[in-house]
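Chains, contacts and geometry: an overview
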Amino acid sequence: MSEQGKVHLVTGGSRGIGRSIALALASAGDVVYFNHYDPDDSAADETIGLLEDAGVEAFGQKFDVTDAGQVQAWVKEAFEAQGRIDNLINNAGITMDGLLVRMSPEQFNQVIQVNLVGVFYCTQAAAKLMMKQRFGSIVSLASIAGQIGNPGQANYAASKAGVIALTKTAAKELATRGVRVNAVAPGFIETDMVNTIPEKLQEAMKAMIPMGRAGQPEDVADVVAFLCSDAARYVTGQVIAINGGMMM
Ligand SMILES: NC(=O)c1ccc[n+]([C@@H]2O[C@H](COP(=O)([O-])OP(=O)(O)OC[C@H]3O[C@@H](n4cnc5c(N)ncnc54)[C@H](O)[C@@H]3O)[C@@H](O)[C@H]2O)c1
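Right, let's walk through the structure included here. (Residues numbered from 1 in each chain as written. Predicted model: local features only at pLDDT ≥ 70, side-chain atom pairs only at ≥ 80, totals over all residues. Heavy atoms only, no water.)

Brief notes about the site of the ligand
Rules: Only heavy atoms are used to decide nearness, and a residue is near a molecule or strand if one of them lies within 4 Å of it. Whenever a nitrogen or oxygen atom comes within 3.5 Å of another N or O atom, the pair is scored as a polar contact, on the condition that within protein one atom can donate a hydrogen and the other can accept it, and that pairs from neighbouring residues in sequence are kept only if both atoms are in side chains. Surface accessibility follows the Shrake-Rupley procedure with a 1.4 Å probe radius. Residue values consider only the protein chains on display as shielding. To qualify as a helix, a DSSP run of H or I must reach at least 4 residues; to qualify as a strand, a run of E must reach at least 2; elements of each kind are numbered from the N terminus. Three categories are distinguished: nonpolar for Ala, Val, Leu, Ile, Met, Phe, Trp, Tyr, Cys and Pro, charged for Asp, Glu, Lys and Arg, and polar for the others, with Gly belonging to the last.
For the ligand, the set of nearby residues contains 31 residues, the closest of which are S14, D38, N91, Y156 and T191. A distance of 2.5 Å separates an oxygen atom of the ligand from a polar atom in the side chain of D38. G187 is positioned with one of its backbone polar atoms (N or O) 3.4 Å from an oxygen atom of the ligand. Protein coverage of the free-state accessible area of the ligand, which is 830 Å², stands at 95%. Among the secondary structure elements, those contributing two or more residues to the shell around the ligand are α1 (16-25), β2 (31-36), α6 (154-174) and α7 (192-195). Broken down by element, the residue count for the shell around the ligand peaks at three residues, all from α7. Residue classes in the shell around the ligand are distributed as 15 nonpolar, eleven polar and five charged.

Written as structure tokens, this is what we have:
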């Protein structure tokens, strides 16, 4: 690792927004550790190839962010191997949509586990080390659904509102230790996650965007990279909306 090389941890980095974040954050000489929970490693291998093409050392690993032991081991391994952790991006997330009155307890709990409890495990593990090194930036993926609600997403919206509250609390607790904690709240971003939504509903959602187009993963990644940069050195506890004007 070069002297300037930074170390970035990204959950859910195999594809979609997570992959774009890894690519936007890391420069040549940096190291990226990402995880995923895809059925196979094909997307993860592609991400590793893209990072290596950019001169970035990349380590991808498959594990579930709801497994606290695995999360702790992953963060510890990165810190012990590299001697620092500059950024943690809590990006892994899932949807299991359904109307409130039909939603099963499992459907509600699983989304809370991955999207909120997983963020807690990763944030706690990284925060302990960042507090000691006295620097670091943590950015979590919230959502417009966590800000204004969304029919069919009681579980998802609750998890993302939880991420916002967790972000603000962590920001207050870690501010004096040189660690900044922020969130981004994307609107409608074209990835595998929204491709499962019926075409007609996708068109209706796009029609609600003042900027007249869906967001791309890079639109989110660039804001995350800003939040992790020195340009955002006085920014903490914030939730930056990236939604083409869907909510103002
Ligand atoms: N796409 C959107 O419109 C949108 C909008 C707002 C917020 N978000 C949020 O952005 C984040 C990324 O979304 P995306 O659209 O890129 O999703 P995606 O489905 O394309 O990718 C999700 C990533 O998370 C990983 N993942 C899923 N469950 C996991 C688990 N239990 N443990 C570890 N990794 C797991 C997947 O393997 C994959 O790498 C999510 O938190 C999502 O809620 C997305």
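With respect to the sheet that holds strand β4 (residues 87-90)
By way of backbone hydrogen bonds, the strands of a sheet pair with one another, either parallel or antiparallel. We count it as follows: By the convention used here, strands pair only if DSSP detects at least 2 bridges between them. To get an axis, a line is fitted to the C-alpha atoms, and for a helix only the part in contact is used. The angle between two axes follows their N-to-C directions and goes from 0 to 180 degrees. Whether two residues are in contact is decided by their heavy atoms, any of which lying within 4.5 Å being enough.
One open sheet holds the seven strands; their spatial order is β3-β2-β1-β4-β5-β6-β7, and the pairing between them is parallel. Because the sheet does not close on itself, it has two edges, and the strands there are β3 (57-62) and β7 (239-242). In this sheet, neighbouring strand axes are inclined to one another by 15° on average, regardless of whether the strands run parallel or antiparallel. The pairing of strand β5 (residues 136-141) with strand β6 (residues 179-186) spans six bridges and is parallel. Bridged to V139 within β6 is N182. Relative to β2, helix α2 (residues 42-53) is tilted by about 170°, and along the sheet it contacts β2 and β3.

Structural notes on α2
Inclusion rule: Expected helix span is given by 1.5 Å per residue-to-residue step, counting one fewer step than there are residues. Each residue is assigned to one of three classes by its accessible area relative to the maximum for its type, calculated with a 1.4 Å probe on protein chains only: buried under 20%, partly exposed between the two thresholds, exposed over 50%. The reported arc concerns the directions from the helix axis to the C-beta atoms and nothing else.
The terminal C-alpha atoms of α2 lie 17 Å apart, and with twelve residues this matches the ideal 16 Å at 1.5 Å per residue to within 8%. Buried residues of α2: A43, A44, T47, I48 and L51, and no others. Seen along its axis, α2 keeps its buried residues to an arc of 145°; they face one direction. Directly beyond the C-terminal end of α2, a positive phi value near 80° is found at G55.

Considerations on a nonpolar patch on the surface
Applicable threshold: Residues with no salt bridge and a relative accessible area higher than 30% make up the patches, which join like charges within 9 Å and nonpolar side chains (Val, Leu, Ile, Met, Phe, Trp, Tyr) within 5 Å. One side-chain nitrogen of Lys or Arg within 4 Å of one carboxyl oxygen of Asp or Glu is enough to make a salt bridge.
A contiguous nonpolar patch, built from L99, L100 and V101 and spanning about 350 Å² of accessible area, is present on the exposed surface. Positionally, L100 belongs in the loop between β4 and α4 (105-133).

Here's the deal with the packing of aromatic side chains
Note the following rule: Put simply, two rings from Phe, Tyr or Trp (the six-membered ring, in Trp's case) pair if the centres are within 6.5 Å, and we call them stacked under 30 degrees between planes, edge-to-face over 60, tilted for the rest.
Using the criterion set out here, one finds three aromatic pairs in the structure. Here Y33 and F59 contribute two aromatic rings whose centre-to-centre distance is 4.8 Å and whose plane-to-plane angle is 25°, an arrangement assigned as stacked. Here Y33, found in strand β2, pairs with F59, found in strand β3; they are 26 residues apart in sequence, far enough to count as distant. Ring plane angle 45° and centroid distance 5.8 Å describe the contact between F120 and Y121, whose orientation is recorded as tilted. Looking at F120, the relative accessible area reads 37%, which means it is partly exposed.

Focus: the nonpolar core
For clarity, the threshold we go by: Only buried residues count toward a nonpolar core, which is a set of Ala, Val, Leu, Ile, Met, Phe, Trp, Tyr and Cys residues joined through side-chain atoms within 4.5 Å.
Ranked by size, the top nonpolar core spans 26 residues in total, and within it L9, Y33, V75, L88, M130 and V181 carry the most contacts. Taken together, the elements giving at least two residues each to this core come down to β1 (7-10), β2, α3 (68-82), α4, α6 and β6. Broken down by element, this core gets its largest block of residues, seven residues, from α4. Core analysis: the second largest hydrophobic core is formed by 25 residues, V10, I17, I21 and A22 among them.

Quick notes on the pattern of salt bridges
Applying the stated criterion across every chain, the model contains nine salt bridges. Residue D86 is joined to R84 by a salt bridge in which the shortest nitrogen-to-oxygen separation is 2.6 Å. D86 sits in the buried class, given a relative accessible area of 6%. Under the relative-accessibility criterion, R84 is labelled partly exposed at 21%. Salt-bridge contacts for E203 lead to K206; the nearest nitrogen and oxygen are separated by 3.8 Å. With E203 and K206 both in helix α8 (residues 199-207) and three residues apart, the pair spans about one turn of that helix. Accessibility expressed as a relative area gives 43% for E203, which makes it partly exposed. Overall, the relative accessible area of 21% leaves K206 in the partly exposed class. Salt bridges linked by common partners bring R15, D38 and D192 together as one network.

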